[in-house]
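Examining the three-dimensional arrangement
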Amino acid sequence: MTASETTQEKTEDLPPGTTPYYARMHKWIKRAVLVCLVALVIEGAFTLPFMAVYYGYPTLSLTEICSELLKVRYSDDTLECQVPYPALGPPEGAAGKDTAQDEWGIQPVPKYDRIGWRELVRRHEEREARQAQEAAQQDQAGSP
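Residues numbered from 1 in each chain as written. Predicted model: local features only at pLDDT ≥ 70, side-chain atom pairs only at ≥ 80, totals over all residues. Heavy atoms only, no water.

**What to know about the state of the cysteines**
Disulfides are covalent bonds that connect the sulfur atoms of two cysteines. Under the definition given, this model contains one disulfide. In this model C66 forms its disulfide with C81; the gap between the sulfur atoms is 1.7 Å. Torsion about the S-S bond of the C66 and C81 cystine: about -75°, corresponding to left-handed handedness. Of this pair, C66 sits in helix α3 (residues 62-74) while C81 sits in the loop between α3 and α4 (119-142); the two residues are 15 residues apart in sequence, bridging distant segments of the chain. For C66, a relative accessible area of 29% corresponds to the partly exposed category. (Disulfide = S-S within 2.5 Å. Helix = DSSP H or I, 4+ residues; strand = E, 2+ residues; numbered from the N terminus. Buried < 20%, exposed > 50% of the residue type's maximum accessible area, 1.4 Å probe, protein only.)

**Here's the deal with the environment of G116**
Tracing the backbone through its elements, the reader meets G116 in the loop between α3 and α4. Residue G116 is classed as partly exposed on the basis of its relative accessible area of 21%. In this structure, the C-alpha to C-alpha distance between G116 and Y54, residues 62 residues apart in sequence, is 8.1 Å.

**Points about the environment of L62**
If you trace the backbone, L62 turns up in helix α3. Spatially, the C-alpha atom of L62 lies 9.8 Å from that of C81, the residues being 19 residues apart in sequence. In this view, L62 contacts A52 and Y57; residues no more than four positions away in its chain are not counted. (Contact = heavy atoms within 4.5 Å.)

**Here's the deal with the confidence of the model for the chain**
Should the pLDDT be low somewhere, the predicted coordinates at that spot are not to be read in detail. Per-residue confidence for the chain gives a mean pLDDT of 85, with 88% of residues at or over 70. The element-level mean pLDDT for the chain is lowest in helix α1 (residues 3-13), coming to 59, with helix α2 (residues 23-55) highest at 93. (pLDDT = per-residue confidence, 0-100.)

Printed below as a string of structure tokens:
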């Protein structure tokens with residue numbers, strides 16, 4: 001068996017595009033990428049539940065949290081999340097972009113306040129109380 005035959009056998013065992021010289025480096029890069037992907041999946045799995053609780057999940061449903069976030073982001077109390085979202089509808093939030101108070105440019109600067117611990121619950125309750133008060137005033141004004 002010649003040296004070229006052993007080299008040929010080694011290259012046949014390697015993935016396409018890998019030379020024997022870089023085989024060890026490719027093996028470690030694959031392992032590092034796999035570890036990073038697993039870490040991202042685990043991070044993503046824990047992010048949503050913690051964020052939902054932070055915004056007020058047991059009190060507000062996920063749809064209500066989404067709607068409240070849209071209202072804060074676009075400074076428009078009429079925006080609501082659509083569930084299920086239409087398949088061929090406009091991009092999420094495109095309807096409220098005109099009401100946003102952000103400074104648009106290469107790097108947009110948001111002008112909405114930072115949302116604190118369970119602040120969406122307070123905002124939601126205040127909005128419902130305000131709407132109920134307005135409805136009561138309209139009922140009183142409309143009845144003779």
